[in-house]
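A closer look at the structure
Residues per chain, in single letters:
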Amino acid sequence: MKVIADGLLETLTSAVVRFKKAEIEGRDLEFIFFKCPFCDMTFARSDTRNDHELTHTGVKNYKCQFCDMTFTKQQTKQKHELTHTGHQ
Ligand SMILES: [Zn+2]
Ligand SMILES: [Zn+2]
């Protein structure tokens, strides 16, 4: 557990927050969280955090392959593309 957490800390940016929870039932539990650099929200997964960050930055990484529209989420883009292909 500790090794994995340390590895993550090496590869990720300062937006990673790591803290030790108080001892529970005699066990020292360690958790790693991914903090949004724009607000106080924390996330268990880095990709969830990145997704959330887009609501602050407004960066639209997903472009429709049929027109010039861009989207913050792949899901939204895929849904939009259905309007071109005609499938529901
Ligand atoms: Zn945020
Ligand atoms: Zn389109």
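- Looking at an unreviewed UniProt entry, the protein chain carries the name C2H2-type domain-containing protein, with the source organism given as Panagrolaimus superbus.
- UniProt lists a comment for the protein chain under the heading Subcellular location (unreviewed entry), and it reads "Nucleus".

1. Thoughts on the overall build of the protein chain
- Scanning the protein chain from N- to C-terminus turns up three helices and five strands.
- Secondary structure elements of the protein chain, listed N to C terminal, follow the sequence α-β-β-β-α-β-β-α.
- A buried classification covers 2% of the 88 residues belonging to the protein chain.
- A fraction of 11% describes how many contacts in the protein chain between residues 6 or more apart in sequence connect residues 24 or more apart.

2. Here we look at the UniProt feature "domain: C2H2-type" (unreviewed entry) in the protein chain
- The UniProt feature table records "domain: C2H2-type" (unreviewed entry) at residues 34-61 and 62-88.
- Across residues 34-61, helical content stands at 43% and strand content at 14%; the span's end C-alpha atoms are separated by 20 Å.

3. What about helix α2 (residues 46-57)?
- Look at α2: 16 Å from first C-alpha to last across 12 residues, which is about the 16 Å you get at 1.5 Å a residue.
- After α2 finishes, the residue Gly58 shows a positive phi value of roughly 70°.

4. Quick look at the environment of Phe71
- Tracing the backbone shows Phe71 in strand β5 (residues 70-71).
- Each C-alpha atom, one on Phe71 and one on Asn61, is 6.3 Å from the other, the two residues being 10 residues apart in sequence.

5. So, helix α3 (residues 74-85)
- For α3, spanning 12 residues, the distance from its first C-alpha to its last is 16 Å, which sits close to the expected 16 Å at 1.5 Å a residue.
- With zero of 12 residues buried, α3 lies mostly on the surface of the structure.
- Gly86 sits one or two positions beyond α3 and adopts a positive phi of about 85°.

6. Here we look at the confidence of the model for the protein chain
- Across the protein chain, the average pLDDT comes to 72, with 61% of residues at 70 or higher.
- For the protein chain, per-element mean pLDDT is lowest for helix α1 (residues 2-11), which scores 42, and highest for α3, which scores 93.
- Scored below 50 in pLDDT, residues 1-25 makes 27 contacts in the model with residues more than four places away or belonging to other chains.

7. Some thoughts on the environment of Lys79
- Take Lys79: it is sitting in helix α3.
- Counting along the chain gives 15 residues from Lys79 to Cys64, while the straight-line C-alpha distance between them is 9.9 Å.

8. Thoughts on the environment of Met41
- For Met41, the position within the fold is in the loop between β2 (30-35) and β3 (42-43).
- C-beta crowding within 10 Å serves as the criterion here: with 14 such atoms nearby, Met41 is assigned to the partly exposed category.
- A C-alpha to C-alpha distance of 9.9 Å links Met41 and Glu53, two positions 12 residues apart in sequence.
- The residues touching Met41, leaving out its near neighbours within four places in the chain, are Cys36 and His52.

Cut-offs and rules
Residues numbered from 1 in each chain as written. Chains lettered and ligands numbered in written order. Predicted model: local features only at pLDDT ≥ 70, side-chain atom pairs only at ≥ 80, totals over all residues. UniProt positions renumbered as here; feature names shortened; annotations may be inferred. Helix = DSSP H or I, 4+ residues; strand = E, 2+ residues; numbered from the N terminus. Buried ≥ 20, exposed ≤ 12 C-beta atoms within 10 Å, placed from the backbone. Contact = placed C-beta atoms within 7 Å. Expected span 1.5 Å × (residues − 1). pLDDT = per-residue confidence, 0-100.

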